[in-house]
Amino acid sequence: MIINRRKFLQQSASFAALALMTNELQAKGTLKQFGCQLYSIRDVLPKDPKNYMKQLADMGYKYFESYSKDPFWGMAPKDAKAYLSDIGVQMVSTHLGLPDTNEEMIAKCAEGGLKYVICPAIGMQPSADAWKQKAEAFTKNGEICKKYGLRYGYHNHAYSFQNANGIKGQRILLENTDPSIVCFELDMCWSEAAGENSIEHLKQYGNRYELCHIKQLATKDPKPQQTDLEKGIIDYKSLLRAAKDSGIKYFLVEQEQYPIGPIESMKSDAIYLKDLKF
């Protein structure tokens, strides 16, 4: 068969353009799976936990991070694990305060199929030694978690990144804990609110972070105010690219303030992340 030269060149150009466009699309990152911190719907969740968890699953959230002294919301750990499996979700972690973290609770978390127990807050510490004492407490809990096949971690707020008397608590915690025992969950909203360059921080310490919180700032000044992911000032295209490159495994939406209400915001956030390419 003789192929017209002009037609051949046109087809070749079309194929080249298609290949270039395909490569460009493949180069852009996406979050194939993402989850949420259940605290985002704290105003409604206790009224009907199973129903509201199902609503989140239907929105596209594949992972849950729980909170409270009862991370399974009235269900036995194995029953919660089975229910979540039925709706296509895995509870990968829970926030649990230092006073509530003990071997009995860690064992329950393991029974429920969790992978992480995360300390949600410790407050600003008065000195470097005080921060180091918290690092020691994290190590103790981390050793218990390791015994049950779990990881122990710390979730930051803005104060962890604030430079107080030349001290940044987050750095002390990072540098005084063993990576095999303690990991970290980066709340990118709070690191940004504190004025931290989160991308540069991830370049230096990214291998310590295994989870992250995705939430959006409407404004930093005079006081941080949150909004839906699509509406705020944090550049999540750049930040999520850096987070993914650093090796973060779990991306969890958390929202504490809403333009309308928690369910509306969680729907909006899920749509935003499904469409986001970075």
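Just so it is clear, the model here is predicted, and its values are computed rather than measured.

About the thresholds
- Residues numbered from 1 in each chain as written.
- Predicted model: local features only at pLDDT ≥ 70, side-chain atom pairs only at ≥ 80, totals over all residues.
- Heavy atoms only, no water.
- Helix = DSSP H or I, 4+ residues; strand = E, 2+ residues; numbered from the N terminus.
- Buried < 20%, exposed > 50% of the residue type's maximum accessible area, 1.4 Å probe, protein only.
- Contact = heavy atoms within 4.5 Å.
- Areas by Shrake-Rupley, 256 points an atom, 1.4 Å probe, with all protein chains shown as cover.
- Lys, Arg positive; Asp, Glu negative; His and termini not counted.
- Charge placed at Lys NZ, Arg CZ, Asp CG, Glu CD.
- Pairing = 2+ DSSP bridges.
- Axes fitted to C-alpha atoms, helices over the stretch in contact; angles between N-to-C directions.
- UniProt positions renumbered as here; feature names shortened; annotations may be inferred.
- pLDDT = per-residue confidence, 0-100.
- Phe/Tyr/Trp six-rings, centres within 6.5 Å; stacked < 30°, edge-to-face > 60°.
- Lys NZ or Arg CZ within 6 Å of the ring centre and 35° of its normal.
- Parallel < 35°, antiparallel > 145°, perpendicular 65-115°, else oblique.
- Left-handed = near helix turned anticlockwise from the far one by under 90°.
- Nonpolar A, V, L, I, M, F, W, Y, C, P; charged D, E, K, R; others polar.

Chemist: Explanation requested: the overall build of the chain in the structure shown.
Modeler: Counting secondary structure elements, the chain contains ten helices and twelve strands. Dimensions of the chain, computed from the C-alpha atoms along their principal axes, are close to 80 × 45 × 40 Å. Of all 278 residues assigned to the chain, the portion counted as buried reaches 49%. When contacts within the chain are restricted to residue pairs at least 6 apart in sequence, those whose partners lie at least 24 apart make up 77%. For the chain, the accessible surface area stands at approximately 13600 Å², while carbon and sulfur atoms represent 50% of it. Looking at the chain, you have 36 positive and 33 negative side-chain charges, and the mean spots of the two groups are 7 Å apart.

Chemist: Would you mind going over the sheet that holds strand E2 (residues 63-66) with me for this structure?
Modeler: Backbone hydrogen bonds are what pair the strands of a sheet, in a parallel or an antiparallel way. With parallel pairing, the eight strands of this closed barrel are ordered in space as E1-E2-E3-E4-E5-E8-E9-E12. If you compare each strand with its neighbour and ignore which way they point, the axes differ by 30 degrees on average. Bridge count for strand E8 (residues 182-187) against strand E9 (residues 209-214) is four bridges, and the pairing is parallel. Paired with Glu185 across the two strands is Leu211, which belongs to E9.

Chemist: Help me understand the UniProt feature "domain: Xylose isomerase-like TIM barrel" (unreviewed entry) in the chain in this model?
Modeler: Here the UniProt feature "domain: Xylose isomerase-like TIM barrel" (unreviewed entry) sits at residues 54-274. Taken end to end, residues 54-274 is 41% helix and 21% strand, and its two terminal C-alpha atoms sit 18 Å from one another.

Chemist: Honestly, the pairing of strand E12 (residues 250-253) in this entry has me stumped. Any pointers?
Modeler: If a strand is regular, its side chains alternate between the two faces of the sheet. Side chains Tyr250 and Leu252 of E12 all project onto a buried face; the interleaved residues Phe251 and Val253 project onto the opposite face, where all are buried too. In terms of strand pairing, E9 meets E12 through four bridges, oriented parallel. For Ile214, the partnering residue across the bridge sits in E12 and is Val253.

Chemist: Just checking my understanding: could you explain the confidence of the model for the chain for this structure?
Modeler: Reading predicted coordinates in detail is not appropriate for stretches of low pLDDT. When pLDDT is averaged along the chain, the result is 92, and 90% of the positions lie at 70 or above. Counting interchain partners and residues more than four positions distant, the pLDDT-below-50 stretch residues 15-27 has two contacts.

Chemist: Help me out: how do you make sense of the packing of aromatic side chains in this one?
Modeler: How two aromatic rings sit relative to each other is given by the distance of their centres and the angle of their planes. What the rule picks out here adds up to nine aromatic pairs. Pairwise contacts between aromatic rings join Phe138, Tyr152, Tyr154, Phe184 and Tyr209 into one cluster. Here Arg42 stacks its cationic end above the ring of Tyr39, 4.4 Å away from the centre of that ring. Across the ring face of Tyr83, the terminal group of Lys50 is positioned such that the distance to the ring centre comes to 5.2 Å.

Chemist: What's the story with the packing of helix H2 (residues 49-59) against helix H10 (residues 262-275) in this structure? I'm lost.
Modeler: The description of two helices packed together rests on the angle between their axes and the distance between the axes. Contact pair H2 / H10: the axes reach a minimum separation of 9 Å and the direction vectors enclose 25 degrees. One finds that H2 runs roughly parallel with respect to H10. Relative to H10, the crossing made by H2 is right-handed. For the pair formed by H2 and H10, the contact residues are Tyr52, Gln55, Leu56 and Met59 on the first element and Ile263, Met266, Lys267, Ala270 and Lys274 on the second. Considered class by class, the residues forming the contact of H2 with H10 number six nonpolar, one polar and two charged.

Chemist: What should I look at first to understand unusual backbone geometry in this one?
Modeler: For residues other than glycine, phi is negative in most cases, and the peptide bonds are mostly trans. Of note, the amide linkage connecting Asp221 to Pro222 takes the cis form, showing an omega dihedral of -5 degrees. As for its position among the elements, Pro222 is in the loop between strand E10 (216-219) and strand E11 (225-227). One non-glycine residue, Trp73, lies in the positive phi region at around 55 degrees. Counting through the fold element by element, Trp73 comes out in the loop between E2 and helix H3 (77-86). Backbone geometry at Asn165 places phi at a positive 55 degrees, although glycine is not the residue there.

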